[in-house]
Amino acid sequence: MVLATASEESRDYLQGLGAAEIIDYHMADFGERAGELDIVLDTVGGGYGQRSIPCLKPAGRLITVLERADEDLKARTLAAGRRLAGVTVEPVHAGLEELAKLVIDGRLEPNVDATFPLERAAAAHERMEAGHTRGKIVLRVS
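Every chain's residues receive numbers from 1 upward, in the order its sequence appears when written. The predicted origin of the model limits local features to residues at a pLDDT of at least 70 and limits the giving and counting of side-chain atom pairs to 80 or more, whereas totals for whole chains, interfaces and linings rest on all residues. Side-chain metrics rest on all non-hydrogen atoms present in the structure, leaving aside hydrogens and water.

1. Looking at the pattern of salt bridges
Each salt bridge in this description consists of a side-chain nitrogen of Lys or Arg and a carboxyl oxygen of Asp or Glu lying within 4 Å of one another. Summed over the entire model, instances satisfying the criterion amount to 7 salt bridges. A salt bridge links Glu-98 to Lys-101; its shortest N-O distance comes to 3.4 Å. Taken together, the positions of Glu-98 and Lys-101, both in helix H5 (residues 93-104) and 3 residues apart, correspond to about one turn of that helix. Judged by relative accessible area, which is 44%, Glu-98 ranks as partly exposed. The way it works is that DSSP assigns letters per residue, a run of H or I at least four long becomes a helix, a run of E at least two long becomes a strand, and they are numbered from the N terminus. Buried means the residue's accessible area, taken with a 1.4 Å probe over protein chains only, is under 20% of the maximum for its type, while exposed means over 50%, and partly exposed covers the values in between.

Here it is in structure tokens:
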């Protein structure tokens, strides 16, 4: 089962992606509602990784995108008998070509929040920094 934390307006979107349960972080503390999880994927940072440790089953895994070099988080996770993994993505040309083919063939639909022309790159960056985007910010070069 996939559990997600988000605001209520994202409920339908996340259920469409396969989340079975959505915890509205405006209404409830995910730590009190989540129970014991096998894996927590932290894409938010800012202390959410540490708050997620008690939600993990013994030997559960915390995967973090933003705090992968945080030694304190690593120490706390290991001390609690849980595991920590960081995610770093390096683009591989051949893999990107395969993804592009899947998109062109209609077999993969990327989630795009907004598209900006290159000359509005600053506005695109501002939108990204504001947070709460749903999908990628795309710069159009043409």
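Next comes the rest of the write-up.
2. A short note on the sheet that holds strand S4 (residues 56-64)
Here a strand pair is declared whenever DSSP counts at least two bridges between the two strands. Reading across the sheet, the 3 strands line up as S3-S4-S5 and stay open at both edges, with parallel pairing between neighbours. Strands at the two margins of the open sheet, each flanked by one partner only, are strand S3 (37-42) and strand S5 (83-86). Ignoring which end each strand starts from, the neighbouring axes of this sheet average 15° apart. In the sheet, S3 pairs with S4 via 5 bridges, with the strands oriented parallel. Bridging across to S4, Leu-37 finds its partner in Leu-56. Axes here refer to lines fitted to C-alpha atoms; in helices the fit is confined to the stretch in contact. Angles between the N-to-C directions go from 0 to 180 degrees.

3. Describing the nonpolar core
Listed in full, the 10 residues of the largest apolar core are Ile-23, Phe-30, Ala-34, Leu-37, Val-40, Ile-53, Cys-55, Leu-56, Leu-62 and Leu-73. Listing elements by their share of this core, those giving two or more residues are S3 and S4. Contact between two residues is taken to exist if any of their heavy atoms lie within 4.5 Å; hydrogens are not considered. With residues up to four places along the chain from it excluded, the contact list for Phe-30 reads Thr-5, Ile-23, Tyr-48, Arg-51, Ser-52 and Cys-55. Within the second largest apolar cluster, 5 residues are counted, among which are Ala-4, Ala-6, Leu-14 and Ile-22. By nonpolar core is meant a set of buried Ala, Val, Leu, Ile, Met, Phe, Trp, Tyr and Cys residues that side-chain atoms within 4.5 Å join together.

4. A look at H5
Residues lying three or four places apart along an α-helix face the same way, a consequence of the helix completing one turn every 3.6 residues. With 12 residues, H5 should reach 16 Å at 1.5 Å per residue; the first-to-last C-alpha distance of 16 Å fits that figure. Just downstream of H5 lies Gly-106, where phi reads positive at about 80°. Here a helix's expected span is defined as the number of its residues, less one, multiplied by 1.5 Å.

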